[in-house]
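Tertiary structure, described
Take a look at the letters that make up each chain.
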Amino acid sequence: MGTDLHELLRTLRVWDRAVTGLPPFDPADAPGDPLELFTRWFAEVVAAGEREPHTVSLATADAEGLPDARVVMLHGADGWAFATHADSRKGRHLAARPYAALVFYWPVLGRQVRLRGPVSVAPADQARADLHARSTGALAAALTGRQSAELDSPQELARASQAAWERAEREPDAPVASWTLYRLRPAEVEFFQGEARRRHVRLAYRRTAEGGWERRLLWP
């Protein structure tokens, strides 16, 4: 008998006390700049044992406005940077609509951070430095290329990947022209702290016309 998805979902719970702590969060003590709070929260979830806290859901929209989302890695918080091929699906989306949203979820402390805002392309030399500071595997994946294109067979991927790995090991500074570093400059940043009685704290920062930040609380 196959698994009943509905019944399986009914067995699941979030924020199991055995693995999740829900620390108090007083928004009155939050700093005026969301990057400072993000850095603090990031360090705290790393210390609490969150696995892969640098993974983040990236949402974009195509030329018709239809949304899409996937998980990428944060490459830096100097504009909340991430990278991909310019000719990938998300790269094409950002070329047509240079605006995106990011969502971090850190269940070990019952936290989320949401951002959205315009996205810009970093200079090519910064994209190269970003790529070549990463692992051989990351370079091999970038050299394999053709991200989001239709694949004829697993064997075709295996051949292209093997050639890319060999080149990455032979040429650790091999260029990848399509590799692009993007930076999201948030217009809004929201910090969500879960609370056991569902009195979750949501603190939203919004960028002002003068370039500063205003803060307000949101109902959970």
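The structure we're discussing is the one just above.
What comes next concerns the included structure. (Residues numbered from 1 in each chain as written. Predicted model: local features only at pLDDT ≥ 70, side-chain atom pairs only at ≥ 80, totals over all residues. Heavy atoms only, no water.)

In contact at an axis separation of 8 Å, helix α5 (residues 136–144) and helix α6 (residues 154–170) are set at 130° when each is read in the N-to-C sense. Classed by the angle they form, the pair α5 and α6 counts as oblique. For α5 against α6, the interelement crossing comes out right-handed. Residues Thr-136, Gly-137, Leu-139, Ala-140, Leu-143 and Thr-144 of α5 touch α6, and the partners they reach there are Leu-157, Ala-160, Ser-161, Ala-164, Trp-165, Arg-167, Ala-168 and Glu-169. Broken down by class, the residue content of the contact of α5 with α6 amounts to 8 nonpolar, 4 polar and 2 charged. (Axes fitted to C-alpha atoms, helices over the stretch in contact; angles between N-to-C directions. Helix = DSSP H or I, 4+ residues; strand = E, 2+ residues; numbered from the N terminus. Parallel < 35°, antiparallel > 145°, perpendicular 65-115°, else oblique. Left-handed = near helix turned anticlockwise from the far one by under 90°. Contact = heavy atoms within 4.5 Å. Nonpolar A, V, L, I, M, F, W, Y, C, P; charged D, E, K, R; others polar.)

What follows concerns a nonpolar patch on the surface. A surface patch of nonpolar side chains, about 400 Å² in accessible area, is lined by Leu-5, Leu-8, Leu-9 and Leu-12. Relative to the assigned elements, Leu-12 resides in the loop between α1 (5–10) and α2 (34–47). (Patch = residues over 30% accessible without salt bridge, like charges linked within 9 Å, V, L, I, M, F, W, Y side chains within 5 Å. Areas by Shrake-Rupley, 256 points an atom, 1.4 Å probe, with all protein chains shown as cover. Salt bridge = Lys/Arg side-chain N within 4 Å of Asp/Glu carboxyl O.)

A few words on the packing of aromatic side chains. Summed over the entire model, instances satisfying the criterion amount to 11 aromatic pairs. Look at Phe-82 and Tyr-182: their rings are 5.6 Å apart centre to centre, the planes differ by 20°, and that puts the pair in the stacked class. Here the residue Phe-82 occupies a position in strand β3 (residues 81–85), and Tyr-182 occupies one in strand β6 (residues 179–184), the gap between them amounting to 100 residues. For the pair Phe-82 and Tyr-182, one class covers both residues: buried. Measuring from ring centre to ring centre gives 6.4 Å for Tyr-205 and Trp-213, while their planes differ by 85°; the resulting arrangement is edge-to-face. Assessed through its relative accessible area of 0%, Tyr-205 is described here as buried. Lying across the ring of Trp-41, Arg-111 places its NZ or CZ 4.2 Å from the centre. (Phe/Tyr/Trp six-rings, centres within 6.5 Å; stacked < 30°, edge-to-face > 60°. Buried < 20%, exposed > 50% of the residue type's maximum accessible area, 1.4 Å probe, protein only. Lys NZ or Arg CZ within 6 Å of the ring centre and 35° of its normal.)

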